[in-house]
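One-letter residues, chain by chain:
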Amino acid sequence: MTSTFALLGREVNFLMQVFCIVSVVVSSAQPIHFKHTETNINSSLRGLSVVDNKVAWVSGSDGWVGRTNNGGKSWKFSQVQEFEDKGFRSLYAFDDKRALIANAGAPAHILISINGGNNWKKVYTNMDSAAFFDGMDFWNSNEGLIYGDAINGKMLLLRTKDGGNTWTELISAPELEEGEASFAASGTGIRCFEDSKVIIATGGKKSRLWMSEDKGETWRSINPPVVQGKATTGIYSLAVSAQTLNLVGGDYKNPPHDIDHNLVSNDYAENWKTPTTTTRGYRECVEFISNNTWIATGPTGTDITEDGGMNWKPLSDEEGYHVVRKARNGTLLIIAGAKGQISLLKWRK
């Protein structure tokens, strides 16, 4: 005969199994939620640079630039004088005082602030009618690159060695094909990483990656099987972690129904895979978060992958976001977009 203690043991064991199953279900729920912050501006925010857990900068249309010193709880915004009709889509912040911005369109300007955005100084101007900056990134506090659409068939490519105070056009800039440009939708078509590597994405009628391992002195091109052929198609954003690259893009004129818009490589762009479950159409920004977790966002929603990019699932259906970035030194996650909307992405506890 089974003893009372044995029956009790089986019940406890059964309850423990149920508890474990429930725990798995709970832990598999989406780990991130949106916490909205008030900005009271009507700007399409596409530039975003998150320095650490306290400091971040955003920039966008109508000359607006914003800064937070308290982890995104509140923001201070101002319009850059003489640039109230320009859109700042390229942004890189070093700390709470020093940041660089560049406008999209001609004339193309790069500006620097060393006092928290109270004043801005022009450090570069290109008057060519084709000049159009798409993004910038840095390896360290001194060395970085900014790139843009082709001028006379050659990518607009500049390098700084003094933290953005002076810029030099690189004669080594890639030769682009007709109709090969780039997208400034989120300023994340360029990624500088490790000590000297950089990847730049182009799009349009021809969409590919340009890779350099010597800070832009020499380049090689790679042709991922991404949608292309029209001015609105191609790679809009890339992110890198170790040997893994994730690409997102598509066609902004056909956002929900894209094909070949989302790719992943696990061997540093030697081979490409189409995810088993892709992002839900066109996306403008992808960002590495931690381990195997990445986030991609665009005007129609935000997606997350927790297996390195092979399976994406919905994170939010909120519309209008353009860019998501994680702190370079920390865990702060910020997402920004149309009509001045900014949200903090918080891990559920």
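Let me begin by describing the structure that accompanies this report. For clarity, every value in this text was computed on a predicted model and none was experimentally measured.

1. A short note on the overall build of the protein
Part 1 of the argument: Within the protein, the regular secondary structure consists of one helix and 29 strands.
Part 2 of the argument: Radius of gyration (C-alpha) of the protein: 22 Å, near the 20 Å computed for a compact globule of 349 residues.
Part 3 of the argument: A burial count over the protein gives 55% of its 349 residues as buried.
Part 4 of the argument: For the protein, contacts bridging at least 24 residues in sequence account for 49% of all contacts bridging at least 6.
Part 5 of the argument: Working note: accessible area of the protein is about 15,500 Å², and carbon and sulfur atoms make up 50% of it.
Part 6 of the argument: For the protein, the centre of its 36 positive side-chain charges and the centre of its 38 negative side-chain charges are spaced 5 Å apart.

2. Thoughts on the sheet that holds strand β24 (residues 293-298)
Part 1 of the argument: Pairing in this open sheet of four strands is antiparallel, and the strands run β23-β24-β25-β26 from one edge to the other. Each edge of the open sheet is held by one strand with a lone partner, namely β23 (285-290) and β26 (312-316). Strand-to-strand twist in this sheet, taken as the mean axis angle between neighbours without regard to direction, amounts to 30 degrees.
Part 2 of the argument: Both β24 and strand β25 (residues 301-305) contribute to a ladder of five bridges, which runs antiparallel. Among the inter-strand pairings, T297 is bridged to a residue of β25, identified as T302.

3. Some words on the side chain of D251
Part 1 of the argument: By the element assignment, D251 lies in strand β21 (residues 244-251).
Part 2 of the argument: By relative accessible area, D251 is classed as buried at 5%.
Part 3 of the argument: There is a polar contact of 2.8 Å between the side chain of D251 and the side chain of T232.
Part 4 of the argument: Polar side-chain contacts of D251 include one of 3.0 Å to the backbone nitrogen of K253.

4. Section: the packing of aromatic side chains
Between two aromatic rings, the relevant description is the distance of the centres plus the angle of the planes.
Part 1 of the argument: Scanning the entire structure with this criterion turns up 14 aromatic pairs.
Part 2 of the argument: Considering the side-chain rings of W57 and W120, the 6.2 Å spacing of their centres and the 80 degrees angle between planes classify their relative orientation as edge-to-face. One end of the pair, W57, is in strand β3 (residues 56-60); the other, W120, is in the loop between β8 (108-113) and β9 (121-126), with 63 residues separating them in the sequence. For the pair formed by W57 and W120, the shared burial category is buried.
Part 3 of the argument: On the numbers, 6.4 Å between centres and 70 degrees between planes, the contact of W64 with F77 is edge-to-face.

5. So, the sheet that holds strand β7 (residues 99-103)
Part 1 of the argument: Sheet architecture is open: four strands sit in the order β6-β7-β8-β9, paired in antiparallel fashion. With partners counted over all chains shown, the strands left at the sheet margins are β6 (88-93) and β9, one partner each. Averaged over all neighbouring strand pairs, the angle between strand axes comes to 15 degrees, with direction disregarded.
Part 2 of the argument: Both β6 and β7 contribute to a ladder of five bridges, which runs antiparallel. Bridging across to β7, A93 finds its partner in A99.

6. What about the nonpolar core?
Part 1 of the argument: Counting residues in each nonpolar core, the largest one holds 28 residues, and the members touching the most others are F77, I295, I334, I342 and L345.
Part 2 of the argument: At the level of elements, β1 (32-37), β2 (45-50), β3, β23, β27 (321-326), β28 (333-337) and β29 (342-347) are the ones that each hand at least two residues to this core.
Part 3 of the argument: Per-element accounting of this core gives the leading share, four residues, to β28.
Part 4 of the argument: With residues up to four places along the chain from it excluded, the contact list for L345 reads I32, H33, F34, I295, V324, L333 and I335.
Part 5 of the argument: Within the second largest apolar cluster, 18 residues are counted, among which are Y92, I151, L156 and W167.

7. Let's talk about the pairing of β2
Part 1 of the argument: Buried residues dominate β2, accounting for six of its six residues.
Part 2 of the argument: The turn linking β2 back onto β3 is made up of five residues.

8. Digging into the environment of I199
Part 1 of the argument: Within the secondary structure layout, I199 lies in strand β16 (residues 197-201).
Part 2 of the argument: Overall, I199 belongs to the buried group, its relative accessible area being 0%.
Part 3 of the argument: Along the backbone, I199 and K313 are 114 residues apart, and their C-alpha atoms lie at a distance of 26 Å.
Part 4 of the argument: In this view, I199 contacts G189, I190, R191, F193, L209, W210, M211, L238, V240, L245 and Y268; residues no more than four positions away in its chain are not counted.

9. A closer look at the state of the cysteines
Part 1 of the argument: Scanning the model with the defined rule gives zero disulfides in all.
Part 2 of the argument: This cysteine, C192, is not joined by any disulfide, and C285 carries the nearest cysteine sulfur, 15 Å off.
Part 3 of the argument: When its relative accessible area of 11% is taken as the criterion, C192 is described as buried.
Part 4 of the argument: Take C285: its relative accessible area is 0%, and that puts it in the buried class.

About the thresholds
Residues numbered from 1 in each chain as written. Predicted model: local features only at pLDDT ≥ 70, side-chain atom pairs only at ≥ 80, totals over all residues. Heavy atoms only, no water. Helix = DSSP H or I, 4+ residues; strand = E, 2+ residues; numbered from the N terminus. Rg over C-alpha atoms; globule rule 2.2 N^0.38 Å. Buried < 20%, exposed > 50% of the residue type's maximum accessible area, 1.4 Å probe, protein only. Contact = heavy atoms within 4.5 Å. Areas by Shrake-Rupley, 256 points an atom, 1.4 Å probe, with all protein chains shown as cover. Lys, Arg positive; Asp, Glu negative; His and termini not counted. Charge placed at Lys NZ, Arg CZ, Asp CG, Glu CD. Pairing = 2+ DSSP bridges. Axes fitted to C-alpha atoms, helices over the stretch in contact; angles between N-to-C directions. Polar contact = N/O pair within 3.5 Å; in protein donor to acceptor, adjacent residues only side chain to side chain. Phe/Tyr/Trp six-rings, centres within 6.5 Å; stacked < 30°, edge-to-face > 60°. Core = buried A, V, L, I, M, F, W, Y, C linked by side-chain atoms within 4.5 Å. Disulfide = S-S within 2.5 Å.

Any functional reading would require information beyond the geometric quantities listed.
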